[in-house]
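# Fold and contact review
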Amino acid sequence: MLEVSGLDAAYGRARILFDVSFEAHAGQVAVLLGRNGAGKSTTLKCIIGLVRPRSGEIRFDGRPIQHLQPYQIARLGVGYVPEDRRIFTDLTVMENLEIGRQPPREGAPRWTPAKLFELFPNLGRMQDRLGARMSGGEQQMLTIARTLMGNPRAILLDEPSEGLAPVIVEQMARTIRELKAQGLTVLLCEQNLHFARLVADRAYVIEKGQLRRSGTLDEVREEYQQV
Amino acid sequence: MGSVPFFFMSASSILIQFLNGLASASSLFLVAAGLSLIFGVTRIVNFAHGSLFMLGMYLAVALAPMLGFWWSVPLAALAVAAFGALVEATLLRRLYAAPELLQLLATFALVLVIKDFTLWAWGPEDLLGPRAPGMDGAVRIAGLRYPEYDLFLIGFGPLVLGALWFLLRRTRWGTLVRAATQDREMAGALGVNQRWLFTSVFALGALLAGLGGAVQIPREPATLFIDLQIISDAFVVVVVGGLGSIPGAFLAALLIAEIKSFCIGLGYSKITLVVEFIVMAVVLVIRPWGLLGRMPAQSRGPGTVELPLAFPTRKALAALGGMAMMLALVPLLSAGYTLVLLTDILVFALFAVSLHFIMGPGGLHSFGHAAYFGLGAYGAGLLLLKGGLPMELALALAPLLAVCGALVFGWFCVRLSGVYLAMLTLAFAQITWSVMFQWDAFTGGSNGLIGIWPSSWLSSKTAYYYLTLATCVGAIALLWRVLHAPFGYALRAGRDSPLRADAIGIDVRAQQWAAFVFAGLFAGLAGALFAFSKGSISPEALAVPRSVDGLVMVLLGGIQTLTGPVWGAALLTWLQDAVSRGIDYWRAVMGAIVLVLVLVFPQGVTGFLRERFAR
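Residues numbered from 1 in each chain as written. Chains lettered and ligands numbered in written order. Predicted model: local features only at pLDDT ≥ 70, side-chain atom pairs only at ≥ 80, totals over all residues. Heavy atoms only, no water.

## Observations regarding the overall build of chain B
Secondary structure assignment for chain B yields 24 helices and 4 strands. In summary, chain B has a C-alpha radius of gyration of 25 Å against a globular reference of 25 Å for 615 residues, a match within 12%. Principal-axis analysis of the C-alpha atoms places the extent of chain B at approximately 75 × 60 × 50 Å. Pairs at least 24 residues apart make up 80% of the contacts formed inside chain B by residues separated by at least 6 positions. If you sum the accessible surface of chain B, you get close to 25400 Å²; carbon and sulfur atoms cover 69% of it. (Helix = DSSP H or I, 4+ residues; strand = E, 2+ residues; numbered from the N terminus. Rg over C-alpha atoms; globule rule 2.2 N^0.38 Å. Contact = heavy atoms within 4.5 Å. Areas by Shrake-Rupley, 256 points an atom, 1.4 Å probe, with all protein chains shown as cover.)

So, in structure tokens, the structure goes:
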């Protein structure tokens, strides 16, 4: 579904990624495990087109996408949920959802605000609230809901558990399993092993911009704990 | 009309002045709203917005005889919108990732191109517009006659405000615009095609400017001066109201238009600018981001990092010294026109170096540096002619007038940064120009002052050349020396990281203010030398094109080089001398040069050559 091969990326002279290759299979949850600064976020930004890779190839559904603009990639059905949430704080919950809205897509679950409020009941109770007036957990829910409004076939989640209370983290894991059950492909960046265990089908350990190991979560756990 | 103290105005004439203010506010609001809208989404301050207003006026005047007034207004606005979309798609789109200064310069260049286009298409005469059919009469209000059309305008502004509110708050397009205003990158990652959004926003902004111009034609003639007048008014409105805030623009347009209206009504039309200026000053001191504005968010991504300014090598210093010596030998070989041209080049080299002093190492992008040049020139003329001082004393004291200007204007300017600063410097320069242009009794108005000749011992071209050479070379050396003194280091520290500079005990604002005044002093000195070399001065000495000249010189030479501005000044002065006399539309050529520079050599010509040959 989503294949990354030989990805190299840099910010100016600082190289971030070295020959990174991995794959997220359709309908599964793949996890990129790594510490702060390992290159996880940059990998996701390369996939959605916010960072231009120096070399390498990214294929979505067999089609190379590394030369496309972010909006074109999003319109192919790739949803991106950034680490720092980046919700539109001047806009209400409903307006934030409106920004993410795209036409229904074949082969992907079709989301409406009503369906999203079933998944995130909290949001349903604050439809006219400004993004600036929401708690961190509520913002995290909104940023996922906003991306789902684009009816994506694959979703990139950058550390969704970061900074959330334990109860909300559990809820987040349930949400991700629910998305998988609906047939979505999920690529998740995480440094929280506990959270990753709750959802991962396959895991990749990334360190200092290089891929160290891949396998099931149990297979890579020791490697990750050493880095 | 003589001046009448406020408390002697009758209640009815107060009401009429109030209504006049409301009517003028509408058009001003349209322009400022467009400017704000475009800035909000694209982060570009469109210096050419006043020019779009002017185009709207001329187009409406031209279309009215064929289509009638009521059709000509919307069609002129639509034509300006289409032109705006074209400009965005062909030019501005390439500059969204460019440094702010280049974006400002590019729109600045458009001002020149559009002005010459208008001159070419409609000629230099003012064009009177038609009256509005069906609204050409007057109604009686409180016993006084009041034009019906002005009543229409009073309603039109709020109507547009309402329409904009609806568009931005109740449509998908408006929601997208508001989202992109906050975080355009994220909006893109969610599937929003920014290209279309940006083009449509620019077209809407242009439409508002064109409409603002078109609805004015029954009230005032279309003139070639209106572009800069409107843009500086719009800048004041936007700075007062808060950049990016449409309701702020409305409020500020009302405030500024009412102030103007009452100043005119009371017979003090000449102090309008001063009052406007004081209002702006008060607002900026109390609320630096305007009445309804918010502090601009830090832009995402790493900022541009300037390379350190290297101290010239011994060889380079020797070469520069050698050049000065050679310049000193020129009069032995030639005494004619070469000396006049070289005198000009030296004067403008000093002007450009003083501008570079605050722009490059200071990071203060001044779009109105000619104000200080002009103040120096007028200072020299006024001290000589009105003050009766000897020429030597007038030349020495004239730069102090520029210093006074820089002290006052700079105090406000260093409180702002980036585009706010650029807008404010231009507004101040325009205000200074208006004062010189309008104050017939003292400055000679549009004719300027004549008979500003040097003392007899300096009256030969050779003698004056030596005076200029010694003064300019000395002043330039001093400016360069200061850049490599602790003062210059602290200045660059404040540019590169205001927070860190502040933390190590540098008062960044005071430092920048001092630099601004110091640069003003030398621009003034250049102006004074210029006045005595020509024997006369006119308001052109401090008009906007002169500020553009300075910017082009610095840009030609490369903004982050030391000697670049001198080469830029030499090249441009020579070019202007050689080419301008043969070309009618010199401004458009200048504009085109700027556009090419911005698009092709964003790091300046010397910077380009250095990069090219350093490899």
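## A few points about the environment of B:G362
Relative to the helices and strands, B:G362 is located in the loop between α12 (337-359) and α13 (370-385). For B:G362, a relative accessible area of 2% puts it in the buried group. (Buried < 20%, exposed > 50% of the residue type's maximum accessible area, 1.4 Å probe, protein only.)

## A few points about helix α7 (residues 166-181) of chain A
Quick reminder: α-helices carry 3.6 residues per turn. Residues three or four places apart thus point the same way. All names here are of chain A. Here α7 contains 16 residues, and its C-alpha end-to-end distance of 23 Å stays within 8% of the 22 Å for a straight helix at 1.5 Å per residue. Among all positions of α7, only V169, M172, A173, T175, I176 and L179 are buried. Taken down its axis, α7 places every buried residue within 160 degrees of arc, on the same side. Of the exposed residues in α7, those oriented more than 90 degrees away from the buried face are V167, R174 and A181. Close packing links the buried residues of α7 with β3 (29-33), α4 (113-119), α6 (136-148), β7 (154-158), β8 (185-190) and α8 (193-199). In the segment just after α7, G183 is the residue with positive phi, at about 100 degrees. (Expected span 1.5 Å × (residues − 1). Arc of directions from axis to C-beta.)

## Quick notes on the packing of helix α9 (residues 246-265) of chain B against helix α10 (residues 272-286) of chain B
Residue and element names in this part refer to chain B. Between α9 and α10, whose axes approach to 9 Å, the crossing angle comes to 145 degrees. Handedness of the α9/α10 crossing: right-handed. Between α9 and α10, the contacting residues are L255, I256, I259, K260, C263 and I264 on the first element and T272, V275, E276 and V279 on the second. The residue makeup of the contact of α9 with α10, split by class, is 7 nonpolar, 1 polar and 2 charged. (Axes fitted to C-alpha atoms, helices over the stretch in contact; angles between N-to-C directions. Left-handed = near helix turned anticlockwise from the far one by under 90°. Nonpolar A, V, L, I, M, F, W, Y, C, P; charged D, E, K, R; others polar.)

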